[in-house]
Amino acid sequence: MIQKRSLKAEYQKWLWALLVTDLTGILFLVFPGVPSADELTKGTLWRLLTTTVIPVAVLLIVNVLPHKVKCMLVYWKPYGWLPGCEAFTKYGLNDPRVDMARLAAKVRPLPTDPVKQNSRWYQLYKAKADEIEVAEAHKLFLMYRDMATITAFLIPLTPLALYLAYAPAASQWMSAGALLVQYLVTALSARHSGVRLVTNVLAVHSA
């Protein structure tokens, strides 16, 4: 548990960096130019408040979401599916660093059921969580997973905020398209990092 908090503290700044970048883009769509003092009416302040609160609120929501819900948004699979669910039947077999025969000799039996695979893999992970390659892959997986989750929430909420801020329809569609691309990139990055985390643990145990 301590290691998990430490990893989150390491990548939290990148989540804020992503939000600041998205917020900058949103504000550019709402205010194409720099508003003058005369333009800062109550209506303008409402538009500013509407678009700035959304990203911060999303980050707070993401911080309390269950781990399995975030994985659903990354892997597009049912609740309960985690990276270790195919550790021995897919990922270990496809990684040349993993000696499956040696691993099977040390870890008997190797389960094939997804839930049991993840449980057995997690036991192996806990024994090697402090290894540099394992900790780094875990940090990247958690970071990209949270980025994808944040973006998934922003996809519908940002166009809504822009609509409430009286931004043009083109700006609303543009923001949704850009966030969709961002979501796909971060989700695929999370998948790749998740596989790397699983195989790094197996490689260390089979070495």
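Residues numbered from 1 in each chain as written. Predicted model: local features only at pLDDT ≥ 70, side-chain atom pairs only at ≥ 80, totals over all residues. Heavy atoms only, no water.

**Q** Could you clarify how one ought to interpret the packing of aromatic side chains in this entry?
**A** Each aromatic ring pair is described using two quantities: the centre-to-centre distance and the angle formed by the ring planes. With the rule as written, the count across this model stands at four aromatic pairs. Ring plane angle 50° and centroid distance 4.6 Å describe the contact between tyrosine 75 and tryptophan 81, whose orientation is recorded as tilted. The residues tyrosine 75 and tryptophan 81 share a single accessibility class, namely buried. An angle of 40° between the planes, with centres 6.5 Å apart, marks the rings of tryptophan 76 and tyrosine 183 as tilted. Of the two residues, tryptophan 76 sits in the loop between helix 3 (67-75) and helix 4 (87-91) while tyrosine 183 sits in helix 8 (residues 169-206), which places them 107 residues apart along the sequence. By relative accessible area, tyrosine 183 is classed as buried at 10%. One aromatic cluster is present, formed by Trp121, Tyr122 and Tyr125 through successive ring pairs. (Phe/Tyr/Trp six-rings, centres within 6.5 Å; stacked < 30°, edge-to-face > 60°. Buried < 20%, exposed > 50% of the residue type's maximum accessible area, 1.4 Å probe, protein only. Helix = DSSP H or I, 4+ residues; strand = E, 2+ residues; numbered from the N terminus.)

**Q** I keep staring at the state of the cysteines and nothing clicks. Help me out?
**A** On inspection of all chains with the given rule, the structure shows zero disulfides. Among the cysteines around cysteine 85, which has no disulfide bond, cysteine 71 carries the closest sulfur, lying 8.8 Å off. Judged by its relative accessible area of 3%, cysteine 85 falls in the buried class. (Disulfide = S-S within 2.5 Å.)

**Q** In this structure, what is going on with the side chain of glutamine 182? I would like to understand it.
**A** By the secondary structure assignment, glutamine 182 is in helix 8. At 2.9 Å, the side chain of glutamine 182 forms a polar contact with the side chain of aspartate 22. Among residues more than four places away in sequence, those in contact with glutamine 182 are Leu18, Asp22 and Thr151. (Polar contact = N/O pair within 3.5 Å; in protein donor to acceptor, adjacent residues only side chain to side chain. Contact = heavy atoms within 4.5 Å.)

Honestly, that's just the spatial picture; any functional story needs more than this.
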